[in-house]
Amino acid sequence: MKTEGGYLVGRIKLLSGRILNKLLSENNLNEFSGEQGKILYVLWKNDGISSSKLAEYTRLALNTLSIMLEHMEKNDLLYRTSCKDDKRKKLVYLTVHGKKLEEKTKDINTIMDSYFYKDFSEEEIIQFENQLKRIVFNLMEVKINE
């Protein structure tokens, strides 16, 4: 059986990234890029996590993540601080401005959902997302050198 899942997911990522960046620009949300949006999304769900956990959730290499966090810190989206229990560990928190962006992006998320799920039934959406979660779980189990 010939499969194209990896190719199709990559294509979806490319196309949706372009559309998302266009929507962000059209809505004057220039404080972050689509790639940085992944970091914001994780922090909106898990504010105050370690840089290493953030790298794990976003699957960004630590050096890439570090550069992105530095840029986002300069744009007042987040800040990093040492963990009280382990001074070697850095925790990443959203600023007030970074938190407010979640509300500002809701309309864009609604538009993106309408593009993603055009002509899908609710049942199809649930099945599709469950299958994607299984793939994510499978891939998260793969150890990679970062």
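Our structure is the block above this text.
Criteria and cut-off values
- Residues numbered from 1 in each chain as written.
- Predicted model: local features only at pLDDT ≥ 70, side-chain atom pairs only at ≥ 80, totals over all residues.
- Heavy atoms only, no water.
- Pairing = 2+ DSSP bridges.
- Helix = DSSP H or I, 4+ residues; strand = E, 2+ residues; numbered from the N terminus.
- Buried < 20%, exposed > 50% of the residue type's maximum accessible area, 1.4 Å probe, protein only.
- Polar contact = N/O pair within 3.5 Å; in protein donor to acceptor, adjacent residues only side chain to side chain.

## Considerations on the sheet that holds strand 1 (residues 49–50)
Across a sheet, paired strands are connected by hydrogen bonds in the backbone, their directions being either parallel or antiparallel. In spatial order, the strands read 1-3-2; together these three strands make up an open sheet with antiparallel pairing. The sheet terminates laterally at strand 1 and strand 2 (78–82), the two strands that pair on one side only. For strand 1 and strand 3 (residues 90–94), the ladder comprises two bridges, and the chain directions are antiparallel. Residue pairing across strands places Ser50 opposite Leu91, the latter belonging to strand 3.

## Thoughts on the environment of Val9
As for its position among the elements, Val9 is in helix 1 (residues 5–26). C-alpha separation for the pair Val9 and Leu132, spaced 123 residues apart in sequence, amounts to 9.7 Å.

## Points about unusual backbone geometry
One non-glycine residue, Asn28, lies in positive phi territory at about 55°. Structurally, Asn28 is set in the loop between helix 1 and helix 2 (34–45). Residue class for Asn28 comes out exposed when judged on its relative accessible area of 62%. Here the phi dihedral of Asp119 falls at roughly 70°; this positive angle occurs in a residue that is not glycine. The residue Asp119 is located in the loop between helix 6 (106–116) and helix 7 (122–140) in this model.

## Description of the environment of Ser52
Relative to the helices and strands, Ser52 resides in helix 3 (residues 51–58). You can call Ser52 partly exposed: its relative accessible area is 45%. Taking the C-alpha atoms as reference points, Ser52 and Gly17, separated by 35 residues in sequence, lie 24 Å from one another. At a separation of 3.2 Å, a polar atom in the side chain of Ser52 contacts the side chain of Ser50.

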